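Listed below are the residues making up each chain.
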Amino acid sequence: MSTFTKNQRKFASVLLSVALVSFGISAGPAQAIDNRPACGPDSDGVTICEGATTDGAKYAIQVPEDFNGTVFLYSHGYEYSIDVPPLGYSTATTLDNPPVGPSEMVNQSLLAQGYALAGSTFPVLGWNAEEAVKTNVELIGVVKKAFKDTKKVIAWGNSLGAYITQSLAEKYPKLIDGAGLMCPALGDVNAVITGASDFLWGLKTMFAPTLVGHAYAAGTPGLMQAYGDLGTLQALGASLQTAVATELATGTPQWPAGSPAATALGAIPVRSVILYLGLMAGIPTRSAHFDGVSGPGAEGSSTQFGFASLGNPVFAVMQNGFDAAGLAILAKYDLEVKSGGAFYNNLRTDYAARTTFEKSIFNTALSGSSAITAIETYLASFQVPRQVASVAGAANFAKQIKHTGKLSDPTVVLAATEDPITTDGNTQWLVNKQKTAAAKAKLLVLWNKPAASYTEFTAAGLPVTSTPKANGTGHCNFTADQALAVADLLTDAADNNGKLDTGTLRANVLDSAPGLTITPYKGRIQKFYISR
Amino acid sequence: MMRLTRSKNALTLTALAATVALAATMVPAQASTDKVGVTSKLIKLGVSQPTTGPASAGYNKVAPAMASYFKYVNDNGGINGRKIELIIKNDGYVVQRAVNESAALVDEGVFALVGSLGTANNAAVAEFLDLKSTGLPSLFVNTGFSGFSVKKDYPTMFSLFPSYYMETKILSEYIKKNFPGKKVGIIYQADDFGSDALAGFAQGGITLVEKIPYASLSQANPGVGAGWITKLKTAGVEVAIMYGVTSASAVALRTAAALAYKPQWILSAVGADYTTLISQGVTNAMIEGVMTASFLPATTDDADPYIKLFKTIHTKYGVGAFDSNILTGMNTAMMTANALKAAGPNLTRSGLIKAIETKGKSFASAALTPPTYSTTSHAGYGGFWLAQFSAAGVMVPESGKYKVYTTDAGTGAVKVSTYKRPAMPAKGLPK
């Protein structure tokens, strides 16, 4: 539909940042060491201790003067195991202090309430759930030994840290009194990596054959391949956003030069192909700056309607999907090294079966059933290479910790409905595992939902992407108040024989942490679990 | 001893705090939400439909017409002593917006959704609002997609229109009987709407020599209409079926006239509203002789008691000319009132669903075929009468009077219905 001004062709500012956690530290090899903490004098009424567990992980403990007996054990999120110069990331210059909580504001608030904090760097970076659980078990012992008045331990963490926390809770439920899972990866790491990898494979297949994205070479050549992929991804993002903006303005498909699928699918708009790739990978259709409903111009105008229907969800998929694809490159490289070979495998993936619902409701933006059939036929063609795991890689990768979903401790989840990395399906997986009333009573999900509409436009009608991410979008994009809501509910449960509040406290914390809701919401099951 | 300073590694989470914050929803988890939206004096209902934007043409009259009928009911004592409040939300015919607006209706505490429009929108709402688990009724959806009548998939949703599949089975019989040997072609919306139609024509034994799919909304693109007509002409199509929304029908009729292409046109029931066609540039000359189907009486049939009543209500409570969209809205509201009444004074969501399943077949309405609800099926009306537009734009029954055809959702035959619509209840209010 030709509904856009020429100005929209200039639109080229979709944020294509690759998700990064901004700190991390590489610990040395494990040594036979004394794991007792060294504590300094009080600072502002807080005793600050440091040390290292026997695996070499650095840890920190902060204990307030009026310690109330409850310790928060924090597990941080994923940190890349390699330097990533294209992204300005260096393991050598990451912070020296083990993180003890999700943010300084949260930490200070908890300390002021008399809670102690603890956390470690873990002995290795990258995907480290197995190692991190062992570190946490040891660190709990260290804390209890050093601070004899410790009565309760609340374990909590972000992203991979939530995966670690759930792993700890399942394996050692008696060591803790509650679990807080924020922006959690849950269930099976393969499910998280597969979604991002499917999108990356789709980009390679449709637009960028030079992307490696899989089975990286050993040693330095493999590292260089990963760096190259990041550069290719950034360039591709820029060209695709220009292509989509131009398509919306002209109504004519704009396939980037060198796209392998252009010959077969050239009559289909690129925007529809990108949207399909996002839907088949489970990428959310609302993002940090694209709400899936807004368009420039007056309410009810064809410009507004056209962008809302055909453009907004596509830009949302791009914003989310390129974050996920960046993760796929770096995390796959890391996990392939760890596993001794390629582990991702889409040889038999039936993408058409994975999109039965989505292609019905996004039929218009996908350019109708005929276009959908053409895209699916192309993806299923023998001419389109699939990616196959190596025997060793798959076998070793399968040894990674998986969750059972069993809850023994009160558990509070804080999950954004539009998280592009650890999608809402992770949390829904845990929800679905609770079959009995008793099991369900141990779990409370605080859904962080975006507003109905939040995309902003300039006077010229261009979408604004320079504003902060909208609430309920982005990865681990939550406020201090929202994290403290998790803490409040868990400490209350720990003080009440593990029973999560269902009355006044729940209402109060929801009131004090805008954006959260406990009204029924159904997360979208990760595609990994469908037709594999 | 190494002294650590207080962590400086503050993550940027707080700094990244959202600029747009939702008010926390304070509805606690409840064992039962069966009575939400019902007080001793009020029943709160909600509808999400496009009231603005290019896709709203004609359809923007449906929800106001529903509201008009409910005002009429309220002015006559309400249902079991309760007044009906209808909250209308504008989804602009955008899927995500329909989800958002329906969620807002839930937050506002509606008892049920009613008359929500669009196949994709209703499918998305059912999934993302988890109607299956929450038990929120979605009554008499404004679409003929056959899937919504499948109880196991949509246990709280009820169709009202006869399905597109039924419609095209019935049209198939008509085409075979009246246009034997003619080349038949179709332009269809390439989604569940069109798929239902193709399945119906296939079941009906129609060979389509030309099948032209189009993506919803693409009908507005320059050159699209000409492409359709050129293909139909080239294929020698003599009976041209346009199976899409009214704005697409308008494009087809206008372009055919411009290119001097004069087949026997057949329009889908939901794509043939006369006033909307005229508002989209179609002239009486273009529409004369065009065939379509309907399950409600003609809007011009002032001898029909329902039409007469609805026009009276519209004159008092509504605005603009009475047309098929307004008729659809009024009839949907009347069915809703019937269901609320049948559910009894102790009104619950589960009771409402049960009432439709067990008593819905006997609900009074303007339709010329009866509802087909049962404990195993949520399919709505079961048939159509066929009509041809006159030079004045009036829908004239193909045999001079209403001859209603009925069929099932499977492989059953098309039959002439023997249904005699009961007399309208007093004042058109549920008994």
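Quick caveat, the model's predicted, so the values are computed rather than measured.

### Considerations on helix H7 (residues 270-281) of chain A
All names here are of chain A. Here H7 contains 12 residues, and its C-alpha end-to-end distance of 17 Å stays within 8% of the 16 Å for a straight helix at 1.5 Å per residue. The buried fraction of H7 is high, at 12 of 12 residues. Turning to H7, its buried residues number three or more, namely Val-270, Arg-271, Ser-272, Val-273, Ile-274, Leu-275, Tyr-276, Leu-277, Gly-278, Leu-279, Met-280 and Ala-281. Following H7 by one or two positions, Gly-282 has its phi on the positive side, about 80 degrees.

### Some words on the domain arrangement of chain B
It is common to give the size of an interface as the accessible area lost on bringing the parts into contact. All names here are of chain B. Parsing chain B into structural domains produces domain 1 (42-161 + 300-381) and domain 2 (164-294). The centre of domain 1, based on its C-alpha atoms, is set 28 Å off from the matching centre of domain 2. Each side of the interface is counted separately: domain 1 has 13 residues, and domain 2 has 17 residues. Those elements that provide at least two residues to the side of domain 1 that touches domain 2 are helix H3 (119-128) and helix H12 (324-342).

### Observations regarding the confidence of the model for chain B
Residue and element names in this part refer to chain B. Taken residue by residue, chain B gives an average pLDDT of 90. The fraction at 70 or more is 93%. Every residue in residues 1-31 is under pLDDT 50, and counting partners more than four places away or in other chains gives 81 contacts. Across the whole predicted complex the pTM is 0.88, and at the interface the ipTM reaches 0.83.

### What to know about the nonpolar core
The biggest cluster of nonpolar side chains holds 297 residues, and the ones touching the most others in it are A:Ala118 and A:Val486. Not counting residues within four places of it along the chain, the set of residues in contact with A:Ala118 comprises A:Tyr59, A:Ala60, A:Ile61, A:Val71, A:Leu73, A:Tyr74, A:Val100, A:Leu139 and A:Val143.

### Digging into unusual backbone geometry
Residues and elements named next belong to chain B. For Phe-140, which is not a glycine, the phi torsion comes out positive at approximately 55 degrees. The topology assignment puts Phe-140 in strand S4 (residues 138-141). Phi is positive for Leu-217, which is not a glycine, with a value near 85 degrees. Within the secondary structure, Leu-217 sits in the loop between strand S7 (208-214) and helix H7 (224-234). Overall, the presence of 25 C-beta atoms within 10 Å leaves Leu-217 in the buried class.

### Comments concerning the sheet that holds strand S7 (residues 178-182) of chain A
All names here are of chain A. Ordered in space as S1-S2-S3-S5-S4-S6-S7-S8-S9-S10, the 10 strands form an open sheet in which the pairing is mixed. Either end of the sheet is taken by a strand with one partner, and the two such strands are strand S1 (38-39) and strand S10 (516-517). By the bridge criterion, 2 bridges tie S1 to strand S2 (residues 46-52) in an arrangement that is antiparallel. When the sheet's bridge partners are listed, Cys-39 is paired in S2 with Cys-49. Here helix H2 (residues 129-146) sits on the sheet in contact with S2, strand S3 (58-64), strand S4 (70-75), strand S5 (116-120) and strand S6 (152-158), set at roughly 155 degrees to S4.

Calculation notes
Residues numbered from 1 in each chain as written. Chains lettered and ligands numbered in written order. Predicted model: local features only at pLDDT ≥ 70, side-chain atom pairs only at ≥ 80, totals over all residues. Helix = DSSP H or I, 4+ residues; strand = E, 2+ residues; numbered from the N terminus. Expected span 1.5 Å × (residues − 1). Buried ≥ 20, exposed ≤ 12 C-beta atoms within 10 Å, placed from the backbone. Domains from an automatic or database assignment. Contact = placed C-beta atoms within 7 Å. pLDDT = per-residue confidence, 0-100. Core = buried A, V, L, I, M, F, W, Y, C linked by C-beta atoms within 7 Å. Pairing = 2+ DSSP bridges. Axes fitted to C-alpha atoms, helices over the stretch in contact; angles between N-to-C directions.

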